[in-house]
Amino acid sequence: MKSRESAGSREYRMSARADSAELTGERIVDAMLARLRGTPYERIRLDDVAADAGVTVQTVIRRFGGKAGLMTSVVEREFGRIVAARDAGDQRSVASTVSALVEHYEVYGSLILKTYSEAPQIPGLAELVARGRAYHVDWCRRAFEDHLDPEADEETRRVRLAQVVAICDATTWRILRFDGALTPDETERALRELLAPLVG
């Protein structure tokens, strides 16, 4: 006579299935991210993403609801990673902060700008982009506010902080790196020089 399955055994099997499903989801998100880095959103096919992840299209749809849902999941995950990386950057000085920012943009800058440009095509993505913009403004305030002239009046400090936000934007990084053909080190120097009149 077969013994009844123990509660512990059932919990183990359920946990293993959950872990497997989580790993499958991560593989799908990774595959979509890899496609996004070099392909416009509208040209990405779920068939290709599924093949890259080693799953069926039905698995992708069941897990994410379709291409737009998958794109949103990619951006949500990467936004969390971006926040963690930015917050962990060295902010002991203006120079170290700029160095960490450029290093960060070397990894994420192109993806950030691509997400901004494609957000209007994808339901729900505009809200995530707005969160990202708000985070960037808040990060600039936290990173540079103490370096602004303490004797400046409130309006001047507000204007200078807005200038800092613009200088530290991924678009400025792209202009320097690609339009200006600067190296990462040269980009750091250019950003420091742009910031110098504002933060000392």
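Chemist: What should I look at first to understand the overall build of the chain in this one?
Modeler: Each helix and strand counted, the chain has nine helices and zero strands in total. Written out in order from the N terminus, the α and β elements of the chain read α-α-α-α-α-α-α-α-α. If you line up the chain on its principal axes, its C-alpha atoms span 85 × 40 × 30 Å. Every one of the 200 residues in the chain was classed for burial, and the buried ones make up 40%. For the chain, the accessible area works out to roughly 11500 Å², and carbon and sulfur atoms hold 53% of it. Of the charged side chains in the chain, 29 are positive and 32 negative; the average position of the first set lies 9 Å away from that of the second.

Chemist: How should the packing of helix α4 (residues 67-88) against helix α6 (residues 125-144) be read in this particular structure?
Modeler: When two helices pack together, their arrangement is given by the angle between their axes and by how far apart the axes lie. Their axes nearest at 10 Å, the elements α4 and α6 cross at an angle of 5°. In terms of orientation, α4 lies roughly parallel with respect to α6. Mapping the contact onto sequence places Met71, Thr72, Val75, Glu76, Phe79, Val83, Arg86 and Asp87 in α4 and Leu125, Leu128, Arg131, Gly132, Tyr135, His136, Trp139 and Arg142 in α6. Of the residues that constitute the contact of α4 with α6, the class distribution is eight nonpolar, three polar and five charged.

Chemist: I would appreciate a short explanation of the pattern of salt bridges in the present structure.
Modeler: Opposite charge on two side chains lets them pair, provided their charged atoms get close. Scanning all chains against the criterion turns up 18 salt bridges. Aspartate 48 is paired through a salt bridge with arginine 45; the nearest N and O atoms lie 3.1 Å apart. On the accessibility criterion, aspartate 48 (22% relative accessible area) is partly exposed. Where glutamate 193 meets arginine 189, a salt bridge forms, and the shortest distance between an N and an O atom there is 2.9 Å. Separated by four residues within a single helix, glutamate 193 and arginine 189 lie in helix α9 (residues 184-199), roughly one turn from each other.

Chemist: Quick question: what am I supposed to make of the nonpolar core here?
Modeler: A general trend in soluble globular proteins is that nonpolar side chains are found buried together. Core analysis: the largest hydrophobic core is formed by 56 residues, its most contacted members being Met32, Leu70 and Phe144. Among the elements that line this core, the one with the most residues is helix α5 (residues 94-118), at nine residues. Other than its neighbours up to four places away in sequence, methionine 32 contacts Tyr41, Ile44, Val49, Lys67, Leu70, Met71 and Val74.

Chemist: What is the right way to look at the environment of aspartate 185 in this model?
Modeler: Its place among the elements puts aspartate 185 in helix α9. We classify aspartate 185 as exposed; its relative accessible area is 59%. As for aspartate 185 and glutamate 103, which are separated by 82 residues in sequence, their C-alpha atoms are 9.6 Å apart.

Chemist: How do you make sense of helix α8 (residues 170-179) when you look at a structure like this?
Modeler: Three or four residues apart is the spacing at which side chains of an α-helix point the same way, because the helix has 3.6 residues per turn. Those residues of α8 lying buried are Ala170, Thr172, Trp173, Leu176 and Arg177. Considered in projection along α8, the buried side chains sweep an arc of 160° and stay on one side of the axis. On its buried face, α8 is in contact with α5, α7 (154-167) and α9. Count one or two residues on from α8 and you reach alanine 181, which has phi positive near 60°.

Chemist: Explanation requested: the state of the cysteines in the structure shown.
Modeler: Think of a disulfide as a covalent bridge from one cysteine sulfur atom to another cysteine sulfur atom. Evaluation of the coordinates by the stated rule reveals zero disulfides. Its sulfur unpaired, cysteine 140 is 4.5 Å from the next cysteine sulfur, which belongs to cysteine 168. Judged by relative accessible area, which is 0%, cysteine 140 ranks as buried.

What counts and what doesn't
Residues numbered from 1 in each chain as written. Predicted model: local features only at pLDDT ≥ 70, side-chain atom pairs only at ≥ 80, totals over all residues. Heavy atoms only, no water. Helix = DSSP H or I, 4+ residues; strand = E, 2+ residues; numbered from the N terminus. Buried < 20%, exposed > 50% of the residue type's maximum accessible area, 1.4 Å probe, protein only. Areas by Shrake-Rupley, 256 points an atom, 1.4 Å probe, with all protein chains shown as cover. Lys, Arg positive; Asp, Glu negative; His and termini not counted. Charge placed at Lys NZ, Arg CZ, Asp CG, Glu CD. Axes fitted to C-alpha atoms, helices over the stretch in contact; angles between N-to-C directions. Parallel < 35°, antiparallel > 145°, perpendicular 65-115°, else oblique. Contact = heavy atoms within 4.5 Å. Nonpolar A, V, L, I, M, F, W, Y, C, P; charged D, E, K, R; others polar. Salt bridge = Lys/Arg side-chain N within 4 Å of Asp/Glu carboxyl O. Core = buried A, V, L, I, M, F, W, Y, C linked by side-chain atoms within 4.5 Å. Arc of directions from axis to C-beta. Disulfide = S-S within 2.5 Å.

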